[in-house]
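Per-entry structural report
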Amino acid sequence: MNGPVLSRSPPAFGNAKTIRNDNSSRFGKYIDIHFNKRGAIEGAKIEQYLLEKSRVCRQAHDERNYHIFYCMLKGMTPEQKKMLGLGKAADYNYLSMVSATDHSSEGKHVGHCISCDGRDDSKEYSNIRAAMKVLMFTDTENWEISKLLAAILHMGNLRYEARTYDNLDACEVLHSASLITAASLLEVDPQDVMNCLTSRTIITRGETVSTPLSMEQALDVRDAFVKGIYGRLFVWIVEKINAAIYRPPSHEHKSVRRSIGLLDIFGFENFAVNSFEQLCINFANENLQQFFVRHVFKLEQEEYNLENINWQHIEFTDNQDALDMIAIKPMNIISLIDEESKFPKGTDTTMLNKLNSQHKLNSNYIPPKNNYDTQFGINHFAGIVYYETNGFLEKNRDTLHGDIIQLVHSSRNKFIKQIFQADVAMVVDLL
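So, a few notes on the structure that sits alongside this text. Just so you know, these numbers come straight off a predicted model, no measurement behind them.

1. What about the side chain of Glu52?
Take Glu52: it is sitting in the loop between strand S4 (41-49) and helix H2 (67-75). Owing to a relative accessible area of 8%, Glu52 belongs among the buried residues under this scheme.

2. Concerning the packing of helix H12 (residues 333-342) against helix H13 (residues 348-359)
Contact geometry for H12 and H13: axes closest at 10 Å, N-to-C directions at 145 degrees. Crossing of H12 against H13: the hand is right-handed. Where H12 approaches H13, its residues Ile333, Leu336, Ile337, Glu339 and Glu340 are matched on the opposing element by Thr350, Met351, Lys354, Leu355, Gln358 and His359. Counted by class, the contact of H12 with H13 contains 5 nonpolar, 3 polar and 3 charged residues.

3. Some details on the sheet that holds strand S3 (residues 28-35)
Read from one edge of the open sheet, 3 strands run S4-S3-S9, paired in antiparallel fashion. Strand pairing shows two members of the sheet lacking a second neighbour, S4 and strand S9 (258-264), which therefore form its edges. Pairwise comparison of adjacent strand axes, ignoring direction, gives a mean angle of 15 degrees for this sheet.

4. A closer look at the pairing of strand S6 (residues 168-173)
Sheet topology places strand S5 (residues 160-165) next to S6; 6 bridges connect them, and they run antiparallel. Looking at the pairing, Tyr165 lines up with Leu168 of S6. Counting the residues between successive antiparallel strands, the hairpin from S5 to S6 contains 2 residues, one of them, Asp166, with a positive phi of roughly 50 degrees.

5. Considerations on a negative patch on the surface
On the surface, a cluster of negative charge is contributed by Glu300, Glu302, Glu303 and Glu307. Residue placement: Glu307 occurs in the loop between helix H10 (276-306) and helix H11 (320-328).

6. Here's the deal with H13
Along its 12 residues, H13 runs 16 Å from first to last C-alpha, staying within 8% of the 16 Å computed at 1.5 Å per residue. For H13, the full list of buried residues reads Asp348, Met351, Leu352, Leu355, Asn356 and His359. Buried residues of H13, viewed axially, fall in a sector of 135 degrees; they line one side. What points out from H13, more than 90 degrees from its buried face, is the exposed set Thr349 and Ser357. On its buried side, H13 packs onto H11, H12, strand S10 (365-366), strand S11 (375-380) and helix H14 (392-396).

Basis of the calculations
Residues numbered from 1 in each chain as written. Predicted model: local features only at pLDDT ≥ 70, side-chain atom pairs only at ≥ 80, totals over all residues. Heavy atoms only, no water. Helix = DSSP H or I, 4+ residues; strand = E, 2+ residues; numbered from the N terminus. Buried < 20%, exposed > 50% of the residue type's maximum accessible area, 1.4 Å probe, protein only. Axes fitted to C-alpha atoms, helices over the stretch in contact; angles between N-to-C directions. Left-handed = near helix turned anticlockwise from the far one by under 90°. Contact = heavy atoms within 4.5 Å. Nonpolar A, V, L, I, M, F, W, Y, C, P; charged D, E, K, R; others polar. Pairing = 2+ DSSP bridges. Patch = residues over 30% accessible without salt bridge, like charges linked within 9 Å, V, L, I, M, F, W, Y side chains within 5 Å. Areas by Shrake-Rupley, 256 points an atom, 1.4 Å probe, with all protein chains shown as cover. Salt bridge = Lys/Arg side-chain N within 4 Å of Asp/Glu carboxyl O. Lys, Arg positive; Asp, Glu negative; His and termini not counted. Charge placed at Lys NZ, Arg CZ, Asp CG, Glu CD. Expected span 1.5 Å × (residues − 1). Arc of directions from axis to C-beta.

Next up, the structure:
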């Protein structure tokens, strides 16, 4: 059990190359490791948090997407790649950062990063497959996972053109090999893919109305769908691993489970350019810092006071005010971002204006220097971090509209319907 629990859980689905670390874990996890009476590991259970789903669609300069994509493209046999319509990493926009509206080949390799010094993606793919075999993944399940990963890459290669219908901004998905292959792997009709990515169905007063999406809106819908697939696939993989390594507690009388809990989460991040991901990561670290401050300083010293113990008071920095501003008190930063994400005409600029209006007088908030500046700062416990707001709302919009769920429901692919089971059931109940 030691092997599977401690070293075999496939990291390639949640780890990526960043500018700081070639194998950075882009999700948090809490592992409860269970021991028997002799002190040997007998099982474990994993909980995952904060998967950086936006990385699937875009990465910062000199960073990579999740390892699994590169490992798959390097490690699969030519026959397997042919069945999935796959080529090399440089062919895919989600791995080489090419715009979906750029039909030229110029700049195709600008800013991308498809290799990682010191990593052998082909060898790593073999290790991943071996680990998944130990963790009871079947060949069929592995192939279904590969189909969804390939579909994501093909979805990223869809091409769009702007249109105008009845004086409304609209767009079309151009017919292409990527569209046909993505639809084939998802086992849905290509025309249904085109429709749900370029229009939205709204039910008003019992009538169904279809409204076109602008180019920007359509790209957001496509990326949200892709992130939805990857996020739900990741959750399913963690559940599959838990099924292999978790052993229910004994029902013996007075049986006590011996366990050690390990929390593995991102450290505090402050890059040259910080975005929504860093805000979430640093918010998590603010909470951990407050947990430490509360239990080590606040509660202990309160107990000393209650017991009239004579001791020298220990001064400490309390970050509760920063936490209140970020996510606790009414009109906090997270709630304002969520609110603006729900408005059809909400933009990163309108969001920043609301943040400034609400928090400009807070000592932990640093407003933009001028009307053209798109950054705001937060005085965290570990220092000041400036956040670039361009892309904030798109990264925060994590809900899939009903047309996408209906597309999944229409799929003949049982696996994608399984990982979207809760979403499909909710939409079907509303019909």
